[in-house]
Each structure stands twice: as C-alpha cells, then as structure tokens.
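So you can see what is in the structure, the chains are spelled out below.
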Amino acid sequence: MSSDAYPAIGDYAIIGDCRSAALISKDGGLDWLCMPRFDAPSLFAALLDRERGGHFTIRPTGGYRSERRYVGETNALETTFTSESGRIRLLDLMPVDSESNKRHELWPEHEVLRRVECMEGEVEVEVTCDPRPHYGREIPRLTRMGELGFRYEHRSEALYVRSEIPLSVREDSPGAQGVVGLQAGDRRYVSLIYTDSEPAVLPTFGDDADRKVERTLDWWREWASRCRYEGPYSDDVVRSALVLKLLAYAPSGAIVAAPTTSLPEVVGGSRNWDYRYCWLRDASMTLQALVDLGYDEEAEAFLDWMLHSTRLTWPELQILFDVHGETRLQERELDHLEGYRGSRPVRVGNAAEGQLQLDVYGEVVEAVFEFVRREGDLNRATGKILRGLGETVCRRWREPDEGIWEVRSGRRHHTHSKMMCWVALDRLLKLQESGHLAGLPVGRFRKERDAIRREVETHGYSESAGSYVSVFDGEDVDASLLLLARYGFEPPQSDRMLATCERLHQRLGHRGMMYRYLGDDGLGGKEGPFGICSYWAVDVLCRQGATDAAARSFEHLRSLSNDVGLYGEEFDAETGAPLGNFPQAFTHVGLIDAALSLAAGTGHGMGEPRRGDGHEVRDHG
Amino acid sequence: MNVPSILLWGFVATLVMTTIMSASRGLGMSRMSIPFMLGTMFTPDRRRAPVWGFLATLAMGWVFAFVYALVFESWDRVSWWLGGLLGLAHGFVVLLALMPLLSGLHPRMASEYQGPEPTRNLEPPGFLALNYGRRTPIFALIAHAVYGILLGAFYHLA
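Here the structure is a predicted model, which means the values were calculated and not measured.

### Observations concerning the overall build of chain B
The number of helices and strands found in chain B is five helices and zero strands. When the helices and strands of chain B are listed from N to C terminus, the series reads α-α-α-α-α. Here the C-alpha atoms of chain B give a radius of gyration of 16 Å, agreeing with the 15 Å that 2.2 N^0.38 yields for 158 residues. A principal-axis box enclosing the C-alpha atoms of chain B has dimensions of 50 × 30 × 30 Å. For chain B, buried positions account for 44% of its 158 residues. Taking contacts inside chain B between residues at least 6 apart in sequence as the whole, the part at least 24 apart equals 65%.

### Focus: the overall build of chain A
In terms of helices and strands, chain A carries 15 helices and 25 strands. In terms of principal-axis extent, the alpha carbons of chain A reach across some 75 × 50 × 45 Å. Split into buried and exposed, the 621 residues of chain A put 56% on the buried side. A separation of at least 24 residues holds for 68% of the contacts in chain A among residues at least 6 apart in sequence.

### Looking at the interface of chain A and chain B
Across the contact, 24 residues belong to chain A and 26 residues belong to chain B. Residue composition of the side of chain A that touches chain B, grouped by class: 10 nonpolar, six polar and eight charged.

### Examining the domain arrangement of chain A
All names here are of chain A. Domain annotation for chain A reports domain 1 (61–223) and domain 2 (226–601). Taken together, the contacts link nine residues of domain 1 with 10 residues of domain 2. Taken together, the elements giving at least two residues each to the side of domain 1 that touches domain 2 come down to strand E6 (65–70) and helix H2 (133–136).

### Topic: unusual backbone geometry
Residue and element names in this part refer to chain A. The step from Trp 314 to Pro 315 runs through a cis peptide bond, and the omega angle for that step is 5°. Along the chain, Pro 315 falls in the loop between helix H6 (296–309) and strand E17 (320–321). Arg 344 connects to Pro 345 through a cis peptide bond whose omega is 0°. At Arg 155, a residue that is not glycine, the phi angle is positive and equals roughly 50°. Turning to its location among the elements, Arg 155 is positioned in the loop between strand E11 (150–154) and strand E12 (157–163). With a phi close to 50°, Arg 341 is a non-glycine residue in the positive phi region. Here Arg 341 is to be found in the loop between strand E18 (332–333) and strand E19 (347–348).

### Topic: the packing of helix H13 (residues 531–543) of chain A against helix H15 (residues 585–601) of chain A
Residue and element names in this part refer to chain A. At their nearest, the axes of H13 and H15 sit 8 Å apart, and the two run at 10° to each other. Considered as vectors, H13 and H15 are oriented roughly parallel to each other. You can see that H13 and H15 cross each other, and the crossing is left-handed. Contact with H13, carried on its side by Gly 531, Ile 532, Tyr 535, Trp 536, Val 538, Asp 539, Cys 542 and Arg 543, involves Phe 586, Thr 587, Val 589, Gly 590, Leu 591, Asp 593, Ala 594, Ser 597, Leu 598 and Gly 601 of H15 and no other residues of that element. Here the contact of H13 with H15 is built from residues that sort into 10 nonpolar, five polar and three charged.

### As for the pairing of E12 of chain A
Residue and element names in this part refer to chain A. For E12, a buried count of seven out of seven residues is recorded, marking the element as mostly surrounded by other parts of the structure. Side chains Glu 157, Leu 159, Val 161 and Ser 163 of E12 all project onto a buried face; the interleaved residues Ala 158, Tyr 160 and Arg 162 project onto the opposite face, where all are buried too. With seven bridges connecting them, E12 and strand E15 (residues 187–196) associate as antiparallel partners. Bridging from a neighbouring strand, Ser 163 pairs with Val 190 of E15.

### Describing the confidence of the model for chain B
On average, residues of chain B score 92 in pLDDT, and 100% of them are at 70 or above. Complex prediction metrics read pTM 0.90 and ipTM 0.83.

### Let's talk about the nonpolar core
With 200 residues, the main nonpolar core has Val 256 and Tyr 361 of chain A as its most contacted residues. By residue number, the principal contributor to this core is H15 of chain A, which donates 11 residues. Counting the residues that make up this core, at least three belong to each of domain 1 (61–223) and domain 2 (226–601) of chain A. Those residues within four positions of Val 256 of chain A in sequence are excluded, and the remaining contacts are Phe 38, Leu 247, Tyr 249, Arg 276, Tyr 277, Cys 278 and Val 323 of chain A. One finds Met 21, Met 29, Ala 145 and Leu 151 of chain B within the second-largest nonpolar core, a separate group that totals 33 residues.

Reading guide: rules and limits
Residues numbered from 1 in each chain as written. Chains lettered and ligands numbered in written order. Predicted model: local features only at pLDDT ≥ 70, side-chain atom pairs only at ≥ 80, totals over all residues. Helix = DSSP H or I, 4+ residues; strand = E, 2+ residues; numbered from the N terminus. Rg over C-alpha atoms; globule rule 2.2 N^0.38 Å. Buried ≥ 20, exposed ≤ 12 C-beta atoms within 10 Å, placed from the backbone. Contact = placed C-beta atoms within 7 Å. Nonpolar A, V, L, I, M, F, W, Y, C, P; charged D, E, K, R; others polar. Domains from an automatic or database assignment. Axes fitted to C-alpha atoms, helices over the stretch in contact; angles between N-to-C directions. Parallel < 35°, antiparallel > 145°, perpendicular 65-115°, else oblique. Left-handed = near helix turned anticlockwise from the far one by under 90°. Pairing = 2+ DSSP bridges. pLDDT = per-residue confidence, 0-100. Core = buried A, V, L, I, M, F, W, Y, C linked by C-beta atoms within 7 Å.

Now the structure itself:
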C-alpha cells in the first residue's frame, strides 16, 4: 500500500467517551477505534493498515475540500466538506452524559454517533462501515437484523450499525455501504454500538439523537467551564485539558499516555510503541496539570487508582500499568499489519514494564504533594503508602536505572532520576512538617535527601562541560535537566542552571523545538524533536524571567499543533508535523504547564505559586 | 408439599443457574443476562437494573421451584434425573416460546420488525435467544437442566 494512502498523523482528530477513543481523519474516515477500552483490540485500524485494518467513513462521493473544528469547548468534532454542488457538515461524537441523567433512560454501553447534514446545495454522500475486529485479524460478515440495523458478533461481543442512510452488504465486500443524495436541510444519523456480555441497547434517531447530541455538548461545555485558568492562550489550555480528560479512563481514574499504538516516531522506522497504558510518570504530570486547572475530581480519581494499582508492587513502583492496574503487559508484534506508512513492527503491550525508572517515585510523591497543597488532606492509608515509597527511595537511589527516556542501552546513573529521588524525600519531609504525614524517619530521610543533593551537585554537574549532565560523570546533556528548575532543585537563575539551559539550547535546540537527547539509546534510528521538552524550555524561560522570549517560543510551538489544536509526541524535524502516538498527553501537559508559567510571569497568575517556586504546603489543622 | 425444602433448594438452584449463565458471559459464550433483562422491565437505570433483576430472578426461581415440587408430588417420586428432564423441558419452553414473546412483554425491548423506539431499544433475544450468541441456547439448557437436577436431587417429598 502506497504511503500516500495514509493521511498525515496531524490529519486526525480525536473523539471519545473517557473509556475509549476514536481517531477521525479530515476525510471523514474513522480509522482507529478500540472497544470497550483504550487498550482493547481494535475494531477499526486503517490507521495502521489501510487494507486490513478496517474503517468507518462518511464523506461526499466526488471531489471536495474539508475543514474542521471542535464544537466550541467540547470533544465533538465537526467536519465541513465543500464540493462543487454543495456543502455538508459531519458531526462526530461519542455520547456522554452525567450518571444521574443516564438513570432515566437506557443508554448503549458504547456508541459512536455520526450526523451528516446538508447545509447548502445538493451533495451525494457515501457511507462505508467495514469493521475488522481484533486488529484486523477478522473479516466479519455483517448480518442484517431487520429494522435494528446490521450486526456482527464474536463470542460475547456484538457490534451494531444503525443508519438513517440505507446500507447494504455486497457480495464482493464484507462491510456495509450506502450512498444517498442529500439536499439542503436534510440530516441523517449513523450510529455504531458496541456491547459485551449484555444484550445491546439500540439507540433511536430523530429528536432523541438530537437531544443526545445536545446533552453531550452540554456535558463537555460544563466540564470545560470548570477550568479556572485565566491567562494567555486560554483556548489552547482548555483544548489540552479536554484532550487529557478524553485520555482519562473514567471507570478507574487511570490516565493513558495516548489512545494509539505504533504511530511511528520516524515514518518508516521501527520506533513504534504501544502507548495505551498508564505510565505513572505521565499520569502524575497530567494529574498535576489538572489540579493546577482546578479539576479536583479527576485528581482524586487518579489518586484512588494509583493507590489501588500500586498495591501489588508496593513499596516498589512499576512504571506502567493498564487502566485497571494490571502489571503484566507483555509486548508482542502484530506481523499481519503493515504499520502506518510501512512503519513496522506494530506492537501491542510494552516491554518498558520491566524497567527500573527511579524518577517515578519523585513524580508520584510530587503529584500527591501538589494535590495536598491545593486540596487538603491525606488519609492514613495514603500516608502509609507514601512512607513506603520514601523507604524504597532511601534503599535504592544509589542504583543505576533506565531513566525517564526508557533507554534500552542499559542502566546508568541518570542525573534526573537522582534529582527526582531528592524530590520524593524533600516533599515527604515537607508533608511531615506540615502535619499531613506522621511517623516518617525524619533523620534518615533528611540525611539521604542531603546525600542525593551532594551526589547530584558533584557527579551530575560537569565543570569541564560547564553544565549539568545526563548521567553521572558524563559530558552529554538531555532535556530532562530542564526539570531541575521546575522542581526547585536548582534556582532557575543560578549560574549553573543558566549555563545548562544555554548548552541544552545549543545541543538539542532545533528550529524552536527541542530534542530530548541525541546520544545512542540502544534503539537504532533517529527521532524528531520532543513535544514536552520543547514546552519545558518555555517553562524554564518563564522561570528565568525571560517572558518575552518564552512567549515567542510558545507562539511558535502552538503554530505546530494540527488544525484542531492537537499534538503528537514528537515533531518532524523539518516540517514540525506531529509524529508518534497521537494525541499525546505528555505534550499537552507541557503546553498547560508552560501556559501557567507564562501566566504567572506576565501577572495572570491564579493566586497559587508554581511548583518549584519555593512553595510550602499549608499547615494541617 | 415440603415448603422449607422448596425455599432452600429453590434458592440454591436459582443461584447456581444464574452463576452458570453469568459464567457463560464471562467466558465469552453468550450475552444473555437474565438479571439485566428482567431488571430493565422495572428501571432504565443500568446500575440498578441488574440488582432488581437479580431479585426478580430469585423470586421466579422460587415460583418455579413450587411448580417443580407440584410435579414431583403428583408423580409421587423425585430423583435427580427426573428433575434434569423437567429442567430441560423448562429450558426448551423458555427458549422456544418465551424468548420470542419477550419483545411483546418487555416494556423496553425492541423488535426486529419495528425497530427501536425511544422507550423500546433493548436488543431482542430472537428465536432460541440466538441474538445473544450462537451458544446461548446450549448454556440456557445446561443452566435449566442443572436447576432441575438440584431440585430433583435434594427436594424431599412431603
């Protein structure tokens, strides 16, 4: 399959219901959907194989140009197709509503609702629904179920396609297809329903569907209105928050890194990973961003999930889990899929599960610390867990690890990991001082914390290079060193930090973006500049008082989002186009953090100090 | 009739039957959930429907246990295999007669011939409840047979 057949990664937008998510292209193609949850096998995977993956497309039959947007501050996607004969508008969403409202009527377990309406002239519209469950391994035959629509079932799962556009299944093609001519004012719904282990609930159309659309829009608007950010780039911040909310798995509170697997870091390359899991680091940073924006419910839900999921490995932390806290995520390759534009292999599962990444302890403790700083209390169970994490840090911080970037070239003494161990102990001691924690071995924790600082200042800084360095006694740098200022380990305007930032920009800066590192990571091939690192650089500039330069950098980076404000994990080094799994929570977290720092630097702060600003937690009681 | 025996073994047999059907769903063999189907007769609330449905299932289990006991008493004999045969017959009646009628009886169930309506949008079971998976009739028959076997084996004639 020619790589031209694949839309660019940035041509996709996301819709979801906080349990699973779909990617829809500018051409109206729903090319990625896993049911019933983010990391379940796919129903549609044309994103990874145009022929075998399966897709669900609604678009005009002839030539057209398309534009799209999210409907205000919601996660409903609106694509407008303009052809020579007229204009149609396609609305895509996965219905959501409050639990209290849903008690009054039967809702489908999972639904994708698509509405096409003709705005002008006359347009012929085609619908193709060609599901290929289990990552395209199956080619199902859709069965007509009378007035109920078309059905496909496999074991205890069933998929229904209901449509106001007449569909049929041809002999030569397994999917359901239909073509209809629409005139100005015509409106048609198409719905996809998934159920597992229960009789399906089949939605109705007409006024009911209109109401469901309105309720979904209202729900998202209400959620977005709770964002308490008031500063520059608020539209970008709210869009990023909406993306993060989509990536939060509502039943458990876990937050996945991205809704996709194996979108390549380099097109045609092999750096293709499954990101449909919850990395404690990413989720902790996401949690902090949501707390900063005022989304306390999500923060509490994540804390609950974290306490639940880490129980199996406590007082050690595994670095990633599935949405229900399962720890065995064996990595395997799907050889039958050709991969996005030939980027093989396609992987599911993630081998990083077995790595040691000591920075995770700092991230988790910092997330709890920030939550307590804003919201108040810790219960005894959480206190016990935190003490255990502190004990583990004291016991293990001297060990080498794989570090934040999950390199597969062996364990080393990463400066960032050590610094985060310092953060863990430092924050625990602050919680004890403020009365939120009791029973910490203060003397020991303090002694270890100070020892970590000495080690980092001695071995993590190179006099000859004139900067902090990636690994102890090395010479190279990586972008995680920017976080030394963010977490208050090093004052942002210290000579050491200024020199480190300058060297980072020289070594890793590229056209206003920043690579995470340039050394060998044991993976082969190369990657693009990293989204969150580019935003960390903005954050540090703010902290150093260079708000004009920071604002210019922010402007440049926001210009690299796609047309609906979404980011991937990385940027193409030449064009700035998104690369890697999409959309990526980590990058959106970076945007929110940078915007918050900019707001604080330009006098739009929200009354709370930014982390790393020497903040203290409020006294308990 | 031995009422205490009916109450005890009717309860146990209903629990076992419900567990078998639940296991069939967990194992990916069927989507038939009798508690969900019964519960949605009383409420559209997805969270509460299975609870109400479970209580209704228990009540129906007792009612049928009385019917089974009546049959055993009228034959003046009881054994596990007689109970099993009765259970199989019961299962066939449910699958062949009751399930196709359900669209007309259940206030929230749709029909393949009329399509979903705003208040009737639950997937109908169809002939032999095959809409809920090809193996559904097998598990339904096994569950009913086990229900009958338990009553036949443990019910004491008055």
